[in-house]
Amino acid sequence: MGEFSRGGPSRRSILASGAAAAGLGLIGSRPAFAAVDWKRHAGTTLEVNLIKGPRGDLLHRSAAEFTALTGIKVSSEVIPEQQQRQKIVIELTSGRPSFDVVHLSYHVQKRQFDKAGWLADLSGFMKDPNLTEPSLKEADFSSAGLQYAKTPNGEMRSLPLSVDYFILYWNKELFQKKNVALPTTFDEMMRAAETLTDAKAGTYGFVGRGLRNANMALWGAFFLAYGGRFLDDKGNLLIDGPEAVEATKLYQRLLTKTAPPGVVGFNWMESMAAFTQGRAAMWLDGVGWAPPLEDPNASRVVGKVGYAVVPKGPKDHAAATYGDGIGVAAASTKKEAGYLYCQWAVSKLMGARLLQAGGGVPFRDSILSDAEVQQGVKMPREWLDSAIGSAKISKLGLPVVVPVAEFRDIVGSAVTATLSGADPAAELKKAAEQYRPILERSEKA
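Quick caveat, the model's predicted, so the values are computed rather than measured.

**Focus: the overall build of the chain**
- Tallying secondary structure elements over the chain gives 20 helices and nine strands in all.
- Against the compact-globule benchmark of 22 Å for 445 residues, the chain has a radius of gyration of 22 Å, which places it among compact chains.
- In terms of overall dimensions, the chain has C-alpha extents of about 65 × 50 × 35 Å along its principal axes.
- Looking at the chain as a whole, 58% of its 445 residues are labelled buried.

**Let's talk about the packing of aromatic side chains**
- Summed over the entire model, instances satisfying the criterion amount to 19 aromatic pairs.
- Between Phe-66 and Tyr-341, the ring centres sit 5.2 Å apart and the planes meet at 80°, which makes this aromatic pair edge-to-face. Here Phe-66, found in helix 3 (residues 63–70), pairs with Tyr-341, found in helix 14 (residues 335–345); they are 275 residues apart in sequence, far enough to count as distant. Each member of the pair, Phe-66 together with Tyr-341, is buried.

**Digging into the side chain of Thr-276**
- By the secondary structure assignment, Thr-276 is in helix 12 (residues 268–276).
- Within polar-contact distance, the side chain of Thr-276 engages the backbone oxygen of Ala-273 at 3.1 Å.

**Observations regarding the pattern of salt bridges**
- Under the criterion given, the structure shown has 21 salt bridges.
- A salt bridge links Asp-140 to Arg-364, with the nearest nitrogen and oxygen atoms 2.8 Å apart. Here Asp-140 is found in the loop between helix 6 (123–126) and helix 7 (143–149), whereas its partner Arg-364 is found in the loop between strand 8 (361–362) and helix 16 (365–368), with 224 residues between them in sequence.
- The class of Asp-140 is buried, set by a relative accessible area of 11%.
- For Arg-364, a relative accessible area of 3% gives the class buried.
- Where Lys-172 meets Glu-382, a salt bridge forms, and the shortest distance between an N and an O atom there is 2.8 Å. Note that Lys-172 is positioned in helix 8 (residues 172–177) and Glu-382 in helix 18 (residues 381–392), a separation of 210 residues in sequence.
- Note on Glu-382: relative accessible area 30%, which makes it partly exposed.

**Side note on helix 14**
- Counting buried residues in helix 14 gives nine out of eleven residues, a clear majority hidden from the surface.
- Inspection of helix 14 places Ala-337, Gly-338, Tyr-339, Leu-340, Tyr-341, Cys-342, Gln-343, Trp-344 and Ala-345 among the buried residues, and these make up the whole buried set.

**A closer look at the packing of helix 10 (residues 215–225) against helix 11 (residues 242–257)**
- Two elements in contact, helix 10 and helix 11, have axes whose closest approach is 9 Å; the angle formed by their N-to-C orientations is 120°. On the basis of the axis angle, helix 10 is oblique to helix 11. The handedness of the crossing between helix 10 and helix 11 comes out as right-handed. Of the residues in helix 11, those touching helix 10 at Asn-215, Leu-218, Trp-219, Phe-222 and Phe-223 are Glu-243, Ala-244, Ala-247, Thr-248, Leu-250, Tyr-251 and Leu-254.
- For the contact of helix 10 with helix 11, the class distribution of residues is nine nonpolar, two polar and one charged.

**Focus: the domain arrangement of the chain**
- Taken domain by domain, the chain holds domain 1 (3–164 + 322–388) and domain 2 (165–320 + 396–444).
- Computed over C-alpha atoms, the centres of domain 1 and domain 2 are 27 Å apart.
- Taken residue by residue, the interface counts 34 residues in domain 1 and 46 residues in domain 2.
- In this structure, the connection of domain 1 to domain 2 is made through two salt bridges.
- Inspection of the domain 1/domain 2 interface yields ten residue pairs in polar contact (both at pLDDT 80 or more).
- When residues of the side of domain 1 that touches domain 2 are traced back to their parent elements, those giving at least two are helix 1 (11–22), helix 5 (106–116), helix 7, strand 4 (159–171) and helix 18.
- Top element by residues in the side of domain 1 that touches domain 2 is helix 5. It accounts for six residues.
- Its residues assigned to classes, the side of domain 1 that touches domain 2 shows 14 nonpolar, twelve polar and eight charged.

**With respect to the environment of Thr-256**
- Note on placement: Thr-256 falls in helix 11.
- Once the C-alpha coordinates of Thr-256 and Asp-128 are considered, the two residues, 128 residues apart in sequence, prove to be 55 Å apart.
- At 2.6 Å, the side chain of Thr-256 and the backbone oxygen of Gln-252 are in polar contact.

**Digging into the side chain of Glu-91**
- Within the fold, Glu-91 resides in helix 4 (residues 81–94).
- With relative accessibility at 14%, the residue Glu-91 sits in the buried group.
- Glu-91 has contacts with Arg-96, Pro-97, Ser-98 and Phe-99, leaving out every residue within four places of it along the chain.

**Side note on the nonpolar core**
- Grouped together as the largest cluster of nonpolar side chains are 139 residues, with contacts concentrated most on Phe-222 and Trp-383.
- A domain-level breakdown of this core finds at least three residues from each of domain 1 (3–164 + 322–388) and domain 2 (165–320 + 396–444).
- Contact partners of Phe-222, with chain neighbours within four places excluded, come to Phe-186, Met-189, Phe-206, Ala-247, Leu-250, Tyr-251, Leu-254 and Leu-284.

**Quick notes on the pairing of strand 1 (residues 45–51)**
- Counting buried positions over the seven residues of strand 1 gives five, a clear majority of the element.
- Bridge count between strand 1 and strand 2 (residues 73–79): seven bridges; the pairing is parallel. Considered in strand 2, the bridge of Thr-45 is made with Lys-73.
- Relative to strand 3 (residues 101–105), strand 1 runs parallel, the two being bridged by two bridges. Bridged to Val-48 within strand 3 is Val-101.

Cut-offs applied
- Residues numbered from 1 in each chain as written.
- Predicted model: local features only at pLDDT ≥ 70, side-chain atom pairs only at ≥ 80, totals over all residues.
- Heavy atoms only, no water.
- Helix = DSSP H or I, 4+ residues; strand = E, 2+ residues; numbered from the N terminus.
- Rg over C-alpha atoms; globule rule 2.2 N^0.38 Å.
- Buried < 20%, exposed > 50% of the residue type's maximum accessible area, 1.4 Å probe, protein only.
- Phe/Tyr/Trp six-rings, centres within 6.5 Å; stacked < 30°, edge-to-face > 60°.
- Polar contact = N/O pair within 3.5 Å; in protein donor to acceptor, adjacent residues only side chain to side chain.
- Salt bridge = Lys/Arg side-chain N within 4 Å of Asp/Glu carboxyl O.
- Axes fitted to C-alpha atoms, helices over the stretch in contact; angles between N-to-C directions.
- Parallel < 35°, antiparallel > 145°, perpendicular 65-115°, else oblique.
- Left-handed = near helix turned anticlockwise from the far one by under 90°.
- Contact = heavy atoms within 4.5 Å.
- Nonpolar A, V, L, I, M, F, W, Y, C, P; charged D, E, K, R; others polar.
- Domains from an automatic or database assignment.
- Core = buried A, V, L, I, M, F, W, Y, C linked by side-chain atoms within 4.5 Å.
- Pairing = 2+ DSSP bridges.

Below, the structure is given as structure tokens:
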């Protein structure tokens, strides 16, 4: 744990606050589930594998409603994220998974699932009016969601469930004390962070992930802002070019000059602790961390937090995007029933509950833009506006490759080394040389 984690929220309390809130957020009137033949598989039992967290907990807790709608019984297993990722890969590799429906982390697993063909193609189901509500259309999902869900051949192998855009959290009180304006560009953000840093008072201008591997989610936001692309059109690695070097220099400067001591060991929890204790003026991280910031039992900055779309970079204005989806195992013998569950999981009703609680942001634009849904959002309006704005500039925050863990470890180590004074260009060059053959081998496998 980092220096400022004492007294901060625990992982359990964070997940609990999002999950508990999810039960409170209801849209004013539940939408009718159109003219779909929901009962066509009544009596079937589905095995569903979910990731522990606000999204998975909401689906698990609401399963009785799906059963009432369809007559399909649901046996769901909810597993902590890291264990779940390992378990489903082992089972899918065996060809005989114990589940029909699976919750997947796109930013880690998309390429692996696509190459292996582990998920059923849902494209035909989506075109069937007896199976699909008229409102469920590809065009309703954000561009990033479709990038995740569709294969290079255009097949919908899953339905985008929840997106995590990186946004800027800022402490209005600290900004006001120093008469600093909200930054709209990365250069302004750097200058603001320097102005807001007062080490003697124990307050710092910026906080973010410095820990190896975890830092790639934050570094990706900087890389995109400088116009970076992880891979070219032929799949060649592009992480040691001028865009990557300049992005790393800014990352290095922010975290060494304006962040709390010990930031090299900070993941999201330690970063959040510094921010909730009022010791950091800005924090760049996922949009889903808002509920604990507004919880008086976990935060000292309730009512002082501002939410904004990430500032513009020198070459691009992009919100680093991560997310999860839900799909049907290709090996399942209950594909139609599984698709009905997936459709219900991404429905306007379930998406509205998730959004209104602040536990996640649905990929569907129609949910974000619905005035009635917006009225029920428990988080401040600025938070919702930051999510809506981020959807318009979303770009994937990690490369779509099979060895994502190796990418995060190798490039993350290089970036972390710069916090101890290493040269960004030299570190990125070494990282690229180390990772390139790993990537090439994975594509040939």
